[in-house]
Amino acid sequence: MCGIVGYIGQQQAAPIIINGLKRLEYRGYDSAGVCIVRSPELDIAKKAGRVVDLEANVDISLLTGTTGVGHTRWATHGIPNDVNAHPHTDASGRIALVHNGIIENYLTIKKKLVAAGYGFRSETDSEVLAVFIGMLYDTLGDLESAVRTALSEVEGTFGLVVVSTVEPDMIIAARRGSPLILGIGNDEFLVASDASAVIAHTRQVVYLHENEMAILTRTGFTTKTIANVETHSVIDEITFELDQLEKGGFPHFMLKEIYEQPMTFRDGYRGRLLIDEGNVRLGGLTSVVDKLRSAKRIIFTACGTSWHAGLVGEYLIEHLARIPVEVEYASEFRYRNPIITPDDVVIAISQSGETADTLAAIREARLRGATVLGMVNVVGSTIARETDAGVYLHAGPEIGVASTKAFTSQLCVLTQFALYLGRMRQLGLEEGKNIARALDAIPDQIHAILEKADVIEAIAKEYAGVSNILYLGRGVNFPAALEGALKLKEISYIHAEGYPAAEMKHGPIALIDENMPVVFIATKDESYDKILSNIQEVRARNGKVIAIASEGDDHISALASHVLTIPTTHPLLTPVLASIPLQLLAYYIAVERGCNVDMPRNLAKSVTVE
Ligand code: G6P
């Protein structure tokens, strides 16, 4: 969602804010703006488009001042244009704010403001909040009180930062539902949507809690609840390095992240895997071991790519631990009055740890008495903090909007979790060792697949012009097919669908002709022969087949137009290896089509609105 950066200190604020916004652009990128406090005025520049478009249109060096805020937007209310871009000001132009989230009752507040004679320039809910704060300031004469009073009337979500000429040496930040962190420097402070925008200045951060406000000055900060109760903040350390936020010589973050997977996958099991014991040590779960031992059911809840990981988790856990598993779209879960008992373990899977639907789902599960766990990548994120226990992915910052390395790290953690549950139950030592050894072989196997990227690039060139692609797989490879299709549609805008291969004959087969390529995950496992029959059915209708096959499978090359081979692994780990060529295929097709791979249209990396 939107990215927010605020600065107060001794240095010029504008360049710091602009650089911070560039780091946050993966959150939203349809317009950008800054506001610098140059008492008695606010200097505001905003522009539809990316941060570079703002820079091209505004001489940032003319925006002088040591306090300011910036914003990069993912539109909710009103189209992405200059007027709807943030910051927004109150009627007097003395107070400016940037906002991430949705003010649900903005129309009610707007009606009151219109009746009181206020006018509006933009279509946004955020401007309504700015004008509302301004009106309250006129009555209360105190900015902090005005912000607090406004926020206590607001329904919805916000990550909010306010600057003003009435309090030029103060920034007010507040959060409900949208993350905000404070960066603690020496006589300078930042506030941002995530750590990537502050790491160039400080590694010391404070994660604001739900319904918390922060008042930042040049010399210090205080935190309190929106209800005005002082809170105690803990200073944390950022755990990643600045160079992890750079492209490191790759043309796109997505490609860099695809290539990082041998390392990120290993980081997901380093220090956890006990090969000789055929088991794992998951330190983050020690407090809930008894709950896990007695769990009658596991429910995964997630969105997007993370939901696909949950589907793979279902196969893993049911096979290795024989515990029933359900996988729920987080957005559906909470609204369908789910049946949850205290014997259920509900697990949120999330790269960002901030996805609003997933967060709402685990809150619902907790309310109904379940043990709630997290499998999250971003350390200190809201889901990580709101779960009883969990396992971090350790994939490092993922910047490309289409998730790649976080997905394979999710599979890494899920495999270990299934192994852990299995070994607590009926899974024998030898099978445990097989899984552990297979997991430990994956990084080198991913590396071997990446070495053949040029073959995939050549195939991508051939298929870049198509309008539809079907992805088929069976068993544990069905979710891998879904994820392959999602990758392609996210970044290339080609329509793609994933199906269980056997379902093809119940509908999708009607679509197949010479213009419909079909990607099959056809590795040598128990459903191999059945998949070959499905391939024959496609060929009989002149469809083109791209097969992801096991190394050494000579038979399949006679049937498929193209074969991409992957090394042999334990059948339950095939989705990890199958994902790599599918990620590369989507990437190279999108590049060939001239798409902005890292910032696909309409998408955002971290979806903090419902
Ligand atoms: C957005 C992203 C997807 C991601 C999904 C869930 O839609 O564009 O790539 O899979 O959110 O995000 P999470 O951070 O919870 O894994």
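Residues numbered from 1 in each chain as written. Predicted model: local features only at pLDDT ≥ 70, side-chain atom pairs only at ≥ 80, totals over all residues. Heavy atoms only, no water.

The next thing to look at is the overall build of the chain. A count of helical and extended segments in the chain gives 18 helices and 26 strands. In summary, the chain has a C-alpha radius of gyration of 25 Å against a globular reference of 25 Å for 610 residues, a match within 12%. Along the first, second and third principal axes, the C-alpha atoms of the chain reach 80 × 55 × 45 Å. By residue count, 61% of the 610 residues in the chain fall in the buried class. When the accessible surface of the chain is split by element, carbon and sulfur atoms take 50% of a total near 22200 Å². Within the chain, one finds 55 positive and 74 negative side-chain charges whose respective centroids are separated by 3 Å. (Helix = DSSP H or I, 4+ residues; strand = E, 2+ residues; numbered from the N terminus. Rg over C-alpha atoms; globule rule 2.2 N^0.38 Å. Buried < 20%, exposed > 50% of the residue type's maximum accessible area, 1.4 Å probe, protein only. Areas by Shrake-Rupley, 256 points an atom, 1.4 Å probe, with all protein chains shown as cover. Lys, Arg positive; Asp, Glu negative; His and termini not counted. Charge placed at Lys NZ, Arg CZ, Asp CG, Glu CD.)

The ligand sits among 13 residues. The nearest are Ser306, Ser350, Gln351, Ser352 and Thr355. With respect to the ligand, the side chain of serine 306 contributes an N or O atom lying 2.6 Å from an oxygen atom. One of the side-chain nitrogen or oxygen atoms of serine 350 is found 2.6 Å away from an oxygen atom of the ligand. Protein burial of the ligand: of its 390 Å² of free accessible surface, 89% is covered by the chains. Of all the elements, helix 9 (residues 304–320) adds the most residues to the shell around the ligand, at 3 residues. Across the shell around the ligand, the residue classes break down as 4 nonpolar, 7 polar and 2 charged. (Near = heavy atom within 4 Å. Polar contact = N/O pair within 3.5 Å; in protein donor to acceptor, adjacent residues only side chain to side chain. Nonpolar A, V, L, I, M, F, W, Y, C, P; charged D, E, K, R; others polar.)

Another point: the domain arrangement of the chain. The domain boundaries assigned to the chain delineate domain 1 (3–238), domain 2 (245–447) and domain 3 (452–597). In this assembly, 32 residues from domain 2 lie in contact with 28 residues from domain 3. There are 10 residue pairs in polar contact (both at pLDDT 80 or more) connecting domain 2 and domain 3. Of all the elements in the fold, those that place two or more residues in the side of domain 2 that touches domain 3 are helix 6 (253–259), helix 7 (261–269), helix 9, helix 13 (405–424) and helix 14 (429–450). Among the elements that take part in the side of domain 2 that touches domain 3, helix 9 stands out by supplying 10 residues, more than any other. (Domains from an automatic or database assignment. Contact = heavy atoms within 4.5 Å.)

Moving on, we get to the sheet that holds strand 8 (residues 171–176). Strand pairing in a sheet relies on backbone hydrogen bonds, with the paired strands running either antiparallel or parallel. Spatial strand order, 5-6-7-8-12-13: 6 strands in an open sheet with antiparallel pairing. Of all the strands in the sheet, the pair left with one neighbour each is strand 5 (88–89) and strand 13 (221–225). Along the sheet, helix 4 (residues 125–140) makes contact with strand 5, strand 6 (95–100) and strand 7 (158–164), crossing strand 6 at roughly 140 degrees. Running over the sheet, helix 5 (residues 143–153) touches strand 6, strand 7, strand 8, strand 12 (212–216) and strand 13 and is turned about 155 degrees from strand 7. (Pairing = 2+ DSSP bridges. Axes fitted to C-alpha atoms, helices over the stretch in contact; angles between N-to-C directions.)

Spatial strand order, 3-2-4-1-10-9-11-14: 8 strands in an open sheet with antiparallel pairing. Both outer strands of the open sheet, strand 3 (41–48) and strand 14 (236–237), are each paired with one neighbouring strand and no more. Alignment of strand 9 (residues 181–184) against strand 11 (residues 204–207), held across 3 bridges, turns out to be antiparallel. Directly across from glycine 183, in strand 11, lies its bridge partner valine 205. Sitting on the sheet, helix 1 (residues 13–24) is in contact with strand 1 (3–8), strand 2 (31–38), strand 4 (67–73) and strand 10 (189–192), with an inclination near 155 degrees to strand 1.

Turning our attention to helix 16 (residues 477–492). Taking 1.5 Å per residue, 16 residues should reach 22 Å; helix 16 reaches 22 Å between its end C-alpha atoms and fits that length. Most of helix 16 is tucked away, with 15 of its 16 residues classed as buried. Remark: tyrosine 493 follows helix 16 within two positions and exhibits a positive phi of approximately 65 degrees. (Expected span 1.5 Å × (residues − 1).)

To continue, consider the pairing of strand 1. A large share of strand 1 lies buried, amounting to 6 of its 6 residues. Of the two faces of strand 1, both are covered, the one formed by Gly3, Val5 and Tyr7 as well as the one formed by Ile4, Gly6 and Ile8. Of the pairings in the sheet, the one linking strand 1 to strand 10 comprises 4 bridges and is antiparallel in character. By the bridge assignment for strand 10, tyrosine 7 is matched with leucine 190.

Here the focus is the pattern of salt bridges. Scanning the model with the defined rule gives 31 salt bridges in all. Across the pair arginine 38 and aspartate 43 runs a salt bridge whose closest N-O atoms are separated by 2.6 Å. What makes arginine 38 partly exposed here is its relative accessible area of 34%. Aspartate 43 sits in the buried class, given a relative accessible area of 13%. Here arginine 121 makes a salt bridge to glutamate 127, at a shortest N to O gap of 3.5 Å. For arginine 121, a relative accessible area of 58% puts it in the exposed group. Salt bridges sharing partners connect three or more residues here, namely Arg175, Glu210, Arg363 and Glu386. (Salt bridge = Lys/Arg side-chain N within 4 Å of Asp/Glu carboxyl O.)

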